[in-house]
Amino acid sequence: GRGEYSVELTKRAGVTLGLDVRHEADFLIVKKITDGLVQEWNGANPGQTVAVSDAIVEVNNARGKFDLVTESRKSGPLRIVFLRNAAGKSRGSGSSRPVS
């Protein structure tokens, strides 16, 4: 899809993803990035960094009703598909006003 990009992480024991997220209808919005795998990814992939307000739309090929918490607790490969700047596009955001 447009604006989507995938991030391939390897989950290691004792290392967290380092994401604070907000639950939306069928995806998660990144609210904050803390120490962890995503920050490591950002440092190593400056052209494809995960950013606040991006959405997680798929985890390990599960889309819609995935369980990020469960998946991210497993060791091994973790493939996450993000949607760029989804927070600005999501319905129900408090800042949207009708265009006159």
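Residues numbered from 1 in each chain as written. Predicted model: local features only at pLDDT ≥ 70, side-chain atom pairs only at ≥ 80, totals over all residues. Heavy atoms only, no water.

**Considering the layout of surface pockets**
Note the threshold: Every definition here rests on a 1 Å grid over the protein atoms only: cavities are sets of points where a 1.4 Å probe fits but cannot get out, pockets are open sets enclosed by protein on both sides within 12 Å along at least five of seven lines, and lining residues have some atom within 4 Å of a point. Grid points are joined across faces, edges and corners, and a volume is the space filled by probe spheres set on the points. Secondary structure elements are taken from DSSP: a helix is a run of H or I of four residues or more, a strand is a run of E of two residues or more, and numbering for both begins at the N terminus. Amino acid classes used here: Ala, Val, Leu, Ile, Met, Phe, Trp, Tyr, Cys and Pro are nonpolar; Asp, Glu, Lys and Arg are charged; the rest, including Gly, are polar.
Space inside the largest pocket adds up to approximately 270 Å³. Of all elements in the fold, only β2 (19–23) and α2 (68–73) reach the threshold of two or more residues within the lining of the largest pocket. Of the residues in the lining of the largest pocket, the class split is 10 nonpolar, five polar and five charged.

**Examining the packing of aromatic side chains**
Note the cut-off: The rule is short: rings of Phe, Tyr and Trp, with Trp giving its six-membered ring, pair when the centres are within 6.5 Å, and they are stacked under 30 degrees, edge-to-face over 60, tilted in between. Each residue's exposure class comes from its accessible area (1.4 Å probe, protein chains only) as a fraction of the maximum for that residue type: buried when under 20%, exposed when over 50%, partly exposed otherwise. Here, a charge over a ring means that NZ of Lys or CZ of Arg falls within 6 Å of the ring centre while also lying within 35 degrees of the ring normal.
Within this structure, the stated rule accounts for one aromatic pair. Geometrically, the ring pair formed by Tyr5 and Phe82 is stacked, given 5.4 Å between the ring centres and 15° between the ring planes. Placement of the pair is Tyr5 in strand β1 (residues 4–11) and Phe82 in strand β6 (residues 76–83), with a sequence separation of 77 residues. For Tyr5, a relative accessible area of 8% gives the class buried. The ring of Tyr5 carries Arg84 above its face, with NZ or CZ at 4.0 Å from the centroid.

**Considering the confidence of the model for the chain**
The cut-off we apply is this: A residue's pLDDT is simply how confident the predictor is in it, with values from 0 to 100. Residue contacts are counted whenever heavy atoms from the two residues lie within 4.5 Å of one another.
Considering every residue of the chain, the mean pLDDT works out to 85; 86% of them sit at 70 or more. Highest mean pLDDT in the chain belongs to helix α1 (residues 37–44) (97); lowest belongs to α2 (79). Contacts for the low-pLDDT stretch residues 92–96, under 50 throughout, to residues beyond four places or in other chains number one contact.

**Let's talk about the pairing of strand β3 (residues 28–33)**
Quick reminder of the rule: We treat two strands as partners when DSSP finds at least two bridges between them.
Sheet topology places β2 next to β3; five bridges connect them, and they run antiparallel. In the strand pairing of β3, His23 is matched with Leu28. Between the antiparallel neighbours β2 and β3 lie four residues. Note: β3 against strand β4 (residues 55–59), two bridges, orientation antiparallel. Note on β4: the bridge partner recorded for Leu28 is Ile56.

**Describing the nonpolar core**
To keep it simple, the criterion reads: Side-chain atoms within 4.5 Å link the members of a nonpolar core, which is a set of buried Ala, Val, Leu, Ile, Met, Phe, Trp, Tyr and Cys residues.
Of all hydrophobic cores here, the largest spans 19 residues; its most connected members are Leu9, Val50, Ile56 and Phe82. When contributions to this core are tallied by element, the ones reaching two or more residues are β1, β3, α1, β4 and β6. Among residues more than four places away in sequence, those in contact with Leu9 are Leu17, Leu37, Val38, Trp41, Gly76, Pro77, Leu78 and Ile80. In this structure, Ile29, Ala55, Val57 and Val81 belong to the second largest nonpolar core, which totals seven residues.

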